[in-house]
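Structural overview for review
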Amino acid sequence: MSDLPEVKPPVVTPVRVVTPVRVVIALCLLAPFVAMLWVGSYTKTDPAFIGIPFFYWYQLLWVPLSTVLTVTAYLLWRRDQRARTSASAERGAGA
């Protein structure tokens, strides 16, 4: 055989793809779609809010709520990406 030493591949720690933070991100992005596509949950006129039927004010309530949920998802995603980048750099420096 050959006199070359056996080369072993580096040990790679698997990175989890589905994490609790990513589940929260997905729920933040999915909630407005589910709320608006489930029309049967808000096809009624009562309770009225300052004279506006429920059907309308419920949909309008989701505009700022969707914004808050999207911004929350974005901030969580950025934090998750920074954590993964720093963990990747630490793994690279330790090798």
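Conventions adopted
Residues numbered from 1 in each chain as written. Predicted model: local features only at pLDDT ≥ 70, side-chain atom pairs only at ≥ 80, totals over all residues. Heavy atoms only, no water. Helix = DSSP H or I, 4+ residues; strand = E, 2+ residues; numbered from the N terminus. Buried < 20%, exposed > 50% of the residue type's maximum accessible area, 1.4 Å probe, protein only. Contact = heavy atoms within 4.5 Å. Core = buried A, V, L, I, M, F, W, Y, C linked by side-chain atoms within 4.5 Å.

Regarding the side chain of Thr19
- Summarising the element assignment, Thr19 is placed in the segment before helix H1 (20-37).
- You can call Thr19 buried: its relative accessible area is 15%.
- With residues near it in sequence (within four places) discarded, Thr19 still touches Asp80 and Arg84.

Description of the nonpolar core
- Ile25, Cys28, Ala35, Tyr42, Phe54, Tyr58, Trp62, Leu69, Ala73 and Leu76 together form the largest nonpolar core, which totals ten residues.
- Of all the elements in the fold, those that place two or more residues in this core are H1 and helix H2 (54-94).
- By residue number, the principal contributor to this core is H2, which donates six residues.
- What Cys28 contacts, discounting residues up to four positions off in sequence, is Leu69, Thr72 and Ala73.

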